[in-house]
Amino acid sequence: MITSVLSLFILLGTILESESSIYIQFFNGVYTTIASFFARKFEQFNEETISVKKKSINYMYWFKMIGIPLFTLTIFIILYQSANPYFNEIIQKIDLSFINLQWVLFTVFGYFLMNNITNPIEIEPLTTTDLKISNKLVKNETNSQSEESLIQENQLGVVLFVVLNSLIIFFLITDVFFISKITDLQASDLSKTVHEGVYALIVSFVFAISIILYFFRGNLNFFSKNRNLKLLTFAWITLNIFLIFITYYKNYLYVTHYGFTYKRIGVFMYLGLSIIGLVTTFIKVNKVYNLWYLFRKNFQIAYLLLILSTSINWDVLITKYNTTIAKTTDINYLIQLSDNNTFLLKKHVELYPNKGTSEETLNIETKYLDYIEKLKEQDWQELTFDNLKTY
Amino acid sequence: MNIILNTITTAAKAALLSSGLLTLAFSSTQDLYNYDLVMIFFISLLITFFISIGMIIFTVLPFYYIEYERSNTRMMFKKFFPYYTIVCFSCCLFIIITQNFEEISILLFSIAYVTAAQSWVWFFKPKKNELNNEKTK
């Protein structure tokens, strides 16, 4: 659902301004959906001249034309009701209970939303600024650093990246050594290694990208003697990517032993996004792009991954993997997943009746019967592929 | 722009709007007599008037004072209104979610959002003399 709402906002933003960045499109979409009506109303006040305004909406006229006759009519109806019992009986028979005010409010809200969506409006200053900013970094001539300060900054960068590269090489060697011994470790050790390793990686990548962005924020990009600094930066990015692959491997080992969970899939996703972040940072430094390039590309790729991830039936994937490939299976975890894996679990119990405990088998049976019941109660609008399996 | 007068008139309009919506919503959700609805309308009118004044003073006027020397009301509206509505909507949505989508919270915070957004339109709406000045420029 989150992806659908996000996509709707981005679609609206794209219709408004296809050239703008994806996050600006998102904000434009949100603004259009929630406030287009108010913004357009405000614009109307500005665009109308006073004379036109007077001509177009004369509230007093409409009050006189509708309000006064309505009020008078009501008074006379009340008077006639008490004067004539037959008239009173007819009036009493008028039943307005079919008007459901909640339904009216719901419809008005729907009209408000559709009215906003069909009349999109953009956040003007934000969109204009975004369109003006290109991805290329421009040499700052007015506030340029002196040659001496550039040399000093370049030297600091070289020293820092030499130290960081040495440290990460040493860390990688110890990590590879650790992986070679990992077969002797218990589940809790492996879990601790993967999770703590990932938390540490999150911080280290944020620092890594921040340090790179700091050094390549301005005129150092155009400094003629920055070749060594660039090479060391590329080396550091490559070593960081190598570090990600090692963590990937650790998580893979963990998954092959104990199966998939959403958290472990999340770790894979995060590691994938980290590689993308580092690659885009590499491109930024190599092609002399600015910070906006990083934001634009990374948000685009993250959104693309989100869309792709929604096309995968994760519950089925987790269940299939955990029951067929993983060395140990946590059936209770699989039972608490959505109904999507019910048929797979049922098949698993039928194939291996003695594999789980009797309680687990009973829980799977209960889940299966509940799901079958639910499928049978569904209307034709709710039919899914699973309904066919019940016949 | 006469700030005090504008604040009071905007607060009065906002109070009328929110009280009207609230009474309408109550009449559809609660089994109340007409007398109760009239009472609800007048009590909420009084409460929302003071809330609206507070809301304008704390959430609208600061934006006005940041920009009033540099630009006109139209520019102020264009500059700040989008962010204000997004933040206001997010806060209302957040509260509705934390209240587990209870009917009463959806009702109250939807009305609060609509009133807050409409108050901006009323507050920054150019006055007739401002329009005339712009036309003559």
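These numbers were taken from a predicted model, which means no experiment stands behind them.

## Considerations on the side chain of T247(A)
Residues and elements named next belong to chain A.
- Of note, T247 is situated in helix α10 (residues 227–258).
- A residue is classified by how much of its surface remains accessible, and T247, at 5% relative accessible area, is buried.
- Among residues more than four places away in sequence, those in contact with T247 are V198, L201 and L271.

## Details of the packing of aromatic side chains
- One pass over the full model with this rule turns up 39 aromatic pairs over all chains.
- Geometrically, the ring pair formed by F161(A) and W236(A) is edge-to-face, given 5.5 Å between the ring centres and 65° between the ring planes. One end of the pair, F161(A), is in helix α8 (residues 147–180); the other, W236(A), is in helix α10, and 75 residues separate them in sequence. W236(A) shares its class with F161(A); the two are buried.
- Ring geometry for Y84(B) against W120(B): centres 4.8 Å apart, planes inclined by 40°, an arrangement best described as tilted. With a gap of 36 residues between them, Y84(B) in helix α3 (residues 73–98) and W120(B) in helix α4 (residues 103–124) connect regions that are remote in the sequence.
- Judged by its relative accessible area of 11%, Y84(B) falls in the buried class.
- Overall, the relative accessible area of 0% leaves W120(B) in the buried class.
- One aromatic cluster is present, built from ring pairs that chain together Y31(A), F42(A), F63(B), Y64(B), Y65(B), F77(B), F80(B), F81(B), Y84(B), W120(B), F123(B) and F124(B).
- The lysine or arginine in question, R264(A), covers the ring of Y254(A), its NZ or CZ lying 4.6 Å from the ring centre.
- In this structure, K346(A) packs its charged tip against the face of Y368(A), placed 4.8 Å from the ring centre.

## Some words on the state of the cysteines
Residue and element names in this part refer to chain B.
- What the rule picks out here adds up to 0 disulfides over all chains.
- The closest cysteine sulfur to the non-disulfide-bonded C91 is located on C88, 6.8 Å from its own sulfur.
- For C91, a relative accessible area of 42% gives the class partly exposed.
- With no disulfide of its own, C92 lies closest to C88 among cysteine sulfurs, the gap being 4.5 Å.
- With relative accessibility at 9%, the residue C92 sits in the buried group.

## Description of a nonpolar patch on the surface
Residue and element names in this part refer to chain A.
- On the surface, F98, I99, W103, V104, F106 and V108 cluster together to form a nonpolar patch covering roughly 680 Å² of accessible area.
- Relative to the helices and strands, W103 resides in helix α6 (residues 101–118).
- Residue classification places W103 among the exposed residues on the basis of a relative accessible area of 55%.

## What about the confidence of the model for chain A?
- Predicted confidence across chain A gives a mean pLDDT of 83, with 92% of residues reaching 70 or more.
- Per-element mean pLDDT across chain A ranges from 54 in helix α3 (residues 50–56) of chain A up to 90 in helix α12 (residues 291–310) of chain A.

## Brief notes about the pattern of salt bridges
- Across all of its chains, the model carries 9 salt bridges over all chains by this definition.
- Taking the shortest distance from any N to any O, the salt bridge between K78(B) and E43(A) comes out at 3.9 Å. With K78(B) in helix α3 and E43(A) in helix α2 (residues 22–47), the pair connects residues from two separate chains.
- Taking the shortest distance from any N to any O, the salt bridge between R217(A) and E153(A) comes out at 3.0 Å. Within this pair, whereas R217(A) is found in the loop between α9 (187–215) and α10, its partner E153(A) is found in helix α8, the two being separated by 64 residues in sequence.
- Its relative accessible area of 40% is what places R217(A) among the partly exposed residues.

## What to know about helix α11 (residues 262–286) of chain A
- Between its first and last C-alpha, α11(A) extends 36 Å over 25 residues, near the 36 Å set by a 1.5 Å rise per residue.
- With its phi angle positive at about 55°, V288(A) sits one or two positions after the end of α11(A).

## A few points about the interface of chain A and chain B
- Taken together, the contact pairs 23 residues of chain A with 29 residues of chain B.
- Contact between chain A and chain B buries roughly 2500 Å² in total, counting both sides, with carbon and sulfur atoms accounting for 72%.
- Summed over the shared surface of chain A and chain B, the result is 3 salt bridges.
- A salt bridge links E43(A) to R74(B); the nearest nitrogen and oxygen atoms lie 2.8 Å apart.

## Brief notes about the environment of M39(B)
All names here are of chain B.
- With respect to the helices and strands, M39 occurs in helix α2 (residues 34–67).
- Exposure remark for M39: the relative accessible area of 39% places this residue in the partly exposed category.
- Separated by 16 residues in sequence, M39 and T23 have C-alpha atoms that sit 9.4 Å apart.

## Things to note about the nonpolar core
- Counting residues in hydrophobic clusters, the biggest one holds 34 residues, and the most contacted among them are Y31(A), F38(A), F81(B), Y113(B), W120(B), F123(B) and F124(B).
- Only α2 of chain A together with α1 (3–29), α2, α3 and α4 of chain B provide two or more residues apiece to this core.
- Dropping the residues within four chain positions of it, Y31(A) is found in contact with S36(A), A39(A), I121(A), E122(A), I123(A), F81(B), P82(B), T85(B) and I86(B).

## Re the confidence of the model for chain B
- Here chain B averages 83 in pLDDT, and 85% of its residues register 70 or above.
- Of all the helices and strands in chain B, helix α5 (residues 128–136) of chain B carries the lowest mean pLDDT, 57, while α3(B) carries the highest, 90.

Cut-offs applied
- Residues numbered from 1 in each chain as written.
- Chains lettered and ligands numbered in written order.
- Predicted model: local features only at pLDDT ≥ 70, side-chain atom pairs only at ≥ 80, totals over all residues.
- Heavy atoms only, no water.
- Helix = DSSP H or I, 4+ residues; strand = E, 2+ residues; numbered from the N terminus.
- Buried < 20%, exposed > 50% of the residue type's maximum accessible area, 1.4 Å probe, protein only.
- Contact = heavy atoms within 4.5 Å.
- Phe/Tyr/Trp six-rings, centres within 6.5 Å; stacked < 30°, edge-to-face > 60°.
- Lys NZ or Arg CZ within 6 Å of the ring centre and 35° of its normal.
- Disulfide = S-S within 2.5 Å.
- Patch = residues over 30% accessible without salt bridge, like charges linked within 9 Å, V, L, I, M, F, W, Y side chains within 5 Å.
- Areas by Shrake-Rupley, 256 points an atom, 1.4 Å probe, with all protein chains shown as cover.
- Salt bridge = Lys/Arg side-chain N within 4 Å of Asp/Glu carboxyl O.
- pLDDT = per-residue confidence, 0-100.
- Expected span 1.5 Å × (residues − 1).
- Buried area = accessible area lost by both parts, 1.4 Å probe.
- Core = buried A, V, L, I, M, F, W, Y, C linked by side-chain atoms within 4.5 Å.

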